[in-house]
Every structure is written in structure tokens, then in C-alpha cells.
Amino acid sequence: WNEWDHSLFGCFDDCGECLLACCCPCVTYGLNARDAGICCDGCCGAFWGCMLFSFCAPCAMCVWCCGIRPNIRTKYKIAPNCCADCCTVWWCGCCALIQERQQLKTAPKPQNCHRKCSPFRLPTLL
């Protein structure tokens, strides 16, 4: 199994991404959803991220723990660890967002994405 390219506390490896995730986590969430292949449109991911975080933070954490982070682990052949993902997202959410963002930036974006999102339908998680 591979390891994450950046440590959980390597937030300042990319100060721009760090600033974006701290000030506008919904945007980073949307970009991560797009680049992880969950949703082709970063705006759709940001929209649903904002909706989930605004109305039901525990639900957002579950979607994040069970959808995006495991998807990134699978994509980069990082050992699965559901318990660590839940703890990381719950207690170090901003650092987790940045770690995922940095990991996703190391790979080329998908050329053909057949999934389209609409603001009226939740994206498929897996």
C-alpha cells in the first residue's frame, strides 16, 4: 500500500490551498469531489458541501468519511482505514481537506467524466 503524499499536518506545503480550505471549505470540498471522480462539476460539489455543512454537519462528515476520502484512498492505493478517516475528518477537518486536495493535485484530472451533477440531485458517492 502507498502512503499519503503529504502528511495530515503538511497544510502549509501549499499556502494557497491552505488559505482556500480554511476560508472556503465548501469550495475545497467541491474541488475534491470533482477530482476524486464523485462529481464532474466542482460547483455542484461545493453546493452540496455547503448545504450539508450548513444544515447537518454530522451528515456532511458521514458523506465525507464514507465517500470522498475512501474514494481517494482507492484511487491512490492508500491502505483503507475507516476509523482513522472518521477521526481525521471529525477532529482535523481542515487539515484533512488540504491533505486530500494536495493528493488529488498530484494526478492528472480525468479526461472523460460521464457523471453530471445537478443542484437538484445528490452526486453518487461510489
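Residues numbered from 1 in each chain as written. Predicted model: local features only at pLDDT ≥ 70, side-chain atom pairs only at ≥ 80, totals over all residues. Heavy atoms only, no water.

Undergrad: Go over the overall build of the protein chain, please, and point to the residues and values.
TA: In terms of regular secondary structure, the protein chain is built from six helices and zero strands. Reading the protein chain from its N terminus to its C terminus gives the helix and strand order α-α-α-α-α-α. The buried share among the 126 residues of the protein chain stands at 44%. Across the protein chain, contacts joining residues at least 24 apart in sequence account for 73% of those joining residues at least 6 apart. For the protein chain, the exposed surface amounts to about 7000 Å²; the carbon and sulfur share of it is 67%. (Helix = DSSP H or I, 4+ residues; strand = E, 2+ residues; numbered from the N terminus. Buried < 20%, exposed > 50% of the residue type's maximum accessible area, 1.4 Å probe, protein only. Contact = heavy atoms within 4.5 Å. Areas by Shrake-Rupley, 256 points an atom, 1.4 Å probe, with all protein chains shown as cover.)

Undergrad: Account for helix H2 (residues 25-35), with residues named and values stated.
TA: The buried fraction of H2 is high, at eight of eleven residues. Positive backbone phi, approximately 90 degrees, marks Gly 37, located one or two places after H2.

Undergrad: Please provide a residue-by-residue account of helix H1 (residues 15-23), values included.
TA: Burial in H1 covers these residues: Glu 17, Cys 18 and Ala 21. Projected down its long axis, H1 shows its buried positions confined to an angular sector of 105 degrees, all on one face. Looking at H1, the residues exposed on the side facing more than 90 degrees away from the buried face are Cys 15, Leu 19 and Cys 23. On its buried face, H1 is in contact with H2 and helix H6 (93-105). (Arc of directions from axis to C-beta.)

Undergrad: Help me get a handle on the pattern of salt bridges, residues and values and all.
TA: Per the counting criterion, the structure on display carries eight salt bridges. We note a salt bridge from Lys 105 to Glu 17, for which the minimum N-O separation is 3.3 Å. Pair noted here: Lys 105 is in helix H6 and Glu 17 is in helix H1, with a separation of 88 residues, a long-range link. Residue Glu 100 is joined to Arg 69 by a salt bridge in which the shortest nitrogen-to-oxygen separation is 3.0 Å. Here Arg 69 lies in helix H4 (residues 57-75) and Glu 100 lies in helix H6, a separation of 31 residues in the sequence. Of the two residues, Glu 100 and Arg 69, neither departs from the other in class, the shared state being buried. (Salt bridge = Lys/Arg side-chain N within 4 Å of Asp/Glu carboxyl O.)

Undergrad: Explain the nonpolar core to me, using residue names and the numbers behind them.
TA: Ranked by size, the top nonpolar core spans 22 residues in total, and within it Trp 64, Ile 68, Ile 72 and Val 89 carry the most contacts. For this core, the elements supplying multiple residues, two or more each, are H1, H2, H4 and H6. If near-sequence neighbours (up to four positions away) are discounted, Ile 68 is found in contact with Tyr 29, Asn 32, Ala 33, Ile 38, Val 63 and Glu 100. (Core = buried A, V, L, I, M, F, W, Y, C linked by side-chain atoms within 4.5 Å.)

Undergrad: Account for the environment of Thr 88, naming residues and giving values.
TA: By the secondary structure assignment, Thr 88 is in helix H5 (residues 82-91). Of the residues examined, Thr 88 reaches a relative accessible area of 14% and is grouped as buried. C-alpha separation for the pair Thr 88 and Cys 65, spaced 23 residues apart in sequence, amounts to 8.8 Å.

Undergrad: Provide a residue-level description of the state of the cysteines, including the pertinent values.
TA: One pass over the full model with this rule turns up zero disulfides. Cys 15 takes part in no disulfide bond, and the closest cysteine sulfur to it belongs to Cys 18, at a distance of 6.5 Å. Accessibility expressed as a relative area gives 51% for Cys 15, which makes it exposed. (Disulfide = S-S within 2.5 Å.)

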